[in-house]
Amino acid sequence: MTTNDHEQLSHPQSTQSIDFSMVLASAVHDMKNSLGMLLNSLDELRQEQAETVGDSPRFNTLQYEAERMHNDLVQLLGIYRLGENNLSAHVEEHFVPDFLAQQMARHTPLLEGMGIKLAIESDEINGFFDEDLLTGVLNNTINNAIRYTKSMIKLTAAMHDEFLVIGVEDDGDGYPENMQHNGTPSFKSLNFNNGSTGLGLFFASSVAQLHSNGDRHGYIKLHNDGRLSGGVFEIWLP
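Residues numbered from 1 in each chain as written. Predicted model: local features only at pLDDT ≥ 70, side-chain atom pairs only at ≥ 80, totals over all residues. Heavy atoms only, no water.

Undergrad: Let's hear about unusual backbone geometry: which residues, and what values?
TA: Positive phi outside glycine occurs at Asn85, with the angle close to 55 degrees. Among the structural elements, Asn85 can be located in the loop between helix H4 (57-83) and strand S1 (92-95). On the accessibility criterion, Asn85 (72% relative accessible area) is exposed. For Asp161, which is not a glycine, the phi torsion comes out positive at approximately 50 degrees. (Helix = DSSP H or I, 4+ residues; strand = E, 2+ residues; numbered from the N terminus. Buried < 20%, exposed > 50% of the residue type's maximum accessible area, 1.4 Å probe, protein only.)

Below you can see the structure in the form of structure tokens.
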């Protein structure tokens, strides 16, 4: 073995450069797809074995945690694309009640198994938004509401000040005062040392910001002034 061969074996980075962010993004993408297949299998199992697993707390926990991990991976990929300046909103017109009904249908089996009611309160309106991005936001928000609600989650939609406002309400204890705000949280404010990083809110805010109309941009709003007396998440889209 020559001296040059030995140096190349000892220092492989001298011959190739590994983009670890790309490697991680690829791994996250594969995990997301695997979890998606797992969630589909769990839905099929729930239908086939409704009497056995329909009300099983362990089965419901399994499905809930799998859904939560899937949502986290979707957000991580979105934030990676945002950092690479490769995430944009493909805005199209949608009939909002139908869109919300699709979101409700996805979560209905799990919520019924957990004894949680899910309702829709929407005006008969059309909205302009990226369906995939907004689905990612609502999946995470509904999943988060499941953790804190007592018995009911409600999806809402209406026009306010020429913004389409889509909300997720629950009848839990509501958001703590330090979380109630309008606007976009900074990525630097995320705290990875506890169980609530705020990653979902950063992703939701980023998705809202990608929706614009003239000089107006979307934003999110958190408050406790809903009809269910719990937390209210709203995304405002111009």
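Once the structure has been displayed, the description carries forward.
Undergrad: Please provide a residue-by-residue account of the environment of Leu164, values included.
TA: Mapped onto the elements of the fold, Leu164 is located in strand S5 (residues 163-170). By relative accessible area, which is 3% here, Leu164 ends up buried. Here the alpha-carbon distance between Leu164 and Val96, two residues 68 residues apart in the chain, equals 9.4 Å. In contact with Leu164, other than residues within four places in its own chain, are Val96, Ile125, Gly127, Phe129, Ala158, Met159, Ile235, Trp236 and Leu237. (Contact = heavy atoms within 4.5 Å.)

Undergrad: Can you explain a nonpolar patch on the surface? Please cite residues and give values.
TA: Together, Ile18, Phe20 and Val23 make up an exposed nonpolar region whose accessible area comes to about 300 Å². For Phe20, the location among the structural elements is in helix H2 (residues 20-48). On the accessibility criterion, Phe20 (57% relative accessible area) is exposed. (Patch = residues over 30% accessible without salt bridge, like charges linked within 9 Å, V, L, I, M, F, W, Y side chains within 5 Å. Areas by Shrake-Rupley, 256 points an atom, 1.4 Å probe, with all protein chains shown as cover. Salt bridge = Lys/Arg side-chain N within 4 Å of Asp/Glu carboxyl O.)

Undergrad: Account for the nonpolar core, naming residues and giving values.
TA: The biggest cluster of nonpolar side chains holds 38 residues, and the ones touching the most others in it are Leu100, Ile146, Ile153, Ile166, Phe233 and Ile235. Mapped onto this core, the elements with two or more residues apiece are H4, helix H5 (96-114), helix H6 (131-148), strand S4 (152-160), S5, helix H7 (199-210), strand S9 (219-223) and strand S10 (232-237). Excluding its chain neighbours within four sequence positions, the residues that come into contact with Leu100 are Ile120, Ser122, Leu138, Leu155, Thr156, Ala157 and Ile166. In terms of nonpolar packing, the next biggest core, distinct from the first, is built from ten residues, Ala25, Leu35, Leu42 and Leu77 among them. (Core = buried A, V, L, I, M, F, W, Y, C linked by side-chain atoms within 4.5 Å.)

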